[in-house]
Amino acid sequence: MHQTTHQLPDLPYDFNALEPVISTEIMELHYSKHHKVYVTNLNAALEKYHEAETKNDISQMISLQAAIKFNGGGHINHSIFWTILAPLSKGGGEGPKGDVAKLIDRDFGSFAQFQEKLTNASIAIQGSGWGWLGYNKGFKRLEIATCVNQDPLSSQGLVPLLGIDVWEHAYYLQYKNVRADYVKALWKIFDWRQVEERLLKAGA
């Protein structure tokens, strides 16, 4: 395999650690099946891309872009998602502190207003996608954005800080078709220390 081979990252907790918000069954399927497929397909697409590159086959390189974007985005998005969740016993659901709390108050008025905006934006996504809190480096501010399918937030010029996966595979087994209940429950397990770290790395 080429040196750009990507791997499934280790989960920072056990499959059952996010109960009752996310069931063990969903975690196991989401991580071991869905995320793994994105990694497998990304590596396969990159292999074909490098092969096409060596042959200077531009049409083949272009045709592989969609697979690289979709599976690469799926890998990037899920790798972030696992890290910004934490069990209730490990700080999950404790509100933001420090710089991220200050910026939320400054850019959204209050944490409650921010929570409502991101929740509503995520619930309203048509089909599959992600709701995000991102950092705009150019304007030095926080922004809420949504992405369709597995498009990464970086494609909108924002640094991803906190994401809400609203693909049905993330919640259907447990919450059925009631996406709103799932999105609202996720706030109980967000790890704001990780969000703060991501903000600092973004140079805020």
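Let me begin by describing the structure that accompanies this report. Worth saying up front: this structure is predicted, and the values here are computed from it rather than measured.

What follows covers helix H8 (residues 192-201). Within the sequence span of H8, burial applies to Trp 192, Val 195, Glu 196 and Leu 199. Across the axial projection of H8, the buried residues extend over an arc of 100°, all falling on one side. The elements touched by buried residues of H8 are helix H4 (98-108), helix H5 (111-123), strand E1 (129-136), strand E2 (141-148) and strand E3 (159-165). Two residues or fewer after H8 comes Gly 203, characterised by a positive phi angle close to 85°.

Judged by pairing direction, the sheet is antiparallel, and its 3 strands sit side by side in the order E2-E1-E3 without closing on themselves. In this open sheet, the two strands that pair with only one neighbour each are E2 and E3. Adjacent strand axes in the sheet meet at a mean angle of 25°, parallel and antiparallel pairs treated alike.

This part takes up the nonpolar core. Within the largest apolar cluster, 49 residues are counted, with the highest numbers of intra-cluster contacts made by Ile 22, Leu 85, Leu 142, Leu 162, Leu 186, Phe 190 and Trp 192. Ranked by size, the runner-up nonpolar core spans 8 residues in total, among them Leu 46, Met 61, Leu 64 and Ile 68.

What follows deals with the pattern of salt bridges. This model, assessed by the stated rule, comprises 5 salt bridges. Here Arg 106 and Asp 107 are joined by a salt bridge, their closest N and O atoms 2.8 Å apart. A relative accessible area of 24% means that Asp 107 is categorised as partly exposed. Its salt-bridge partner being Arg 141, residue Glu 143 comes within 2.9 Å of it at the nearest N-O pair.

Our focus in this paragraph is the packing of H4 against H5. It is the contact of H4 with H5, at a shortest axis distance of 8 Å, that shows an interaxial angle of 75°. Classed by the angle they form, the pair H4 and H5 counts as roughly perpendicular. When H4 is examined against H5, the residues Ile 104, Asp 105 and Phe 108 are found in contact with a partner set consisting of Phe 111, Gln 113, Phe 114 and Lys 117. Residue classes in the contact of H4 with H5 are distributed as 4 nonpolar, 1 polar and 2 charged.

Checked against the element boundaries, Tyr 38 lands in helix H1 (residues 24-54). Judged by its relative accessible area of 6%, Tyr 38 falls in the buried class. Through-space distance from the C-alpha of Tyr 38 to that of Asp 99 is 33 Å; in sequence the pair is 61 residues apart. When neighbours within four sequence positions are excluded, Tyr 38 is seen to be in contact with Phe 70, Asn 71, Gly 74, His 75, His 78, Gln 150, Trp 167 and His 169. Engagement of the side chain of Tyr 38 in a polar contact is seen with the side chain of Gln 150, the distance being 3.0 Å.

What counts, and at which threshold
Residues numbered from 1 in each chain as written. Predicted model: local features only at pLDDT ≥ 70, side-chain atom pairs only at ≥ 80, totals over all residues. Heavy atoms only, no water. Buried < 20%, exposed > 50% of the residue type's maximum accessible area, 1.4 Å probe, protein only. Helix = DSSP H or I, 4+ residues; strand = E, 2+ residues; numbered from the N terminus. Arc of directions from axis to C-beta. Contact = heavy atoms within 4.5 Å. Pairing = 2+ DSSP bridges. Axes fitted to C-alpha atoms, helices over the stretch in contact; angles between N-to-C directions. Core = buried A, V, L, I, M, F, W, Y, C linked by side-chain atoms within 4.5 Å. Salt bridge = Lys/Arg side-chain N within 4 Å of Asp/Glu carboxyl O. Parallel < 35°, antiparallel > 145°, perpendicular 65-115°, else oblique. Nonpolar A, V, L, I, M, F, W, Y, C, P; charged D, E, K, R; others polar. Polar contact = N/O pair within 3.5 Å; in protein donor to acceptor, adjacent residues only side chain to side chain.

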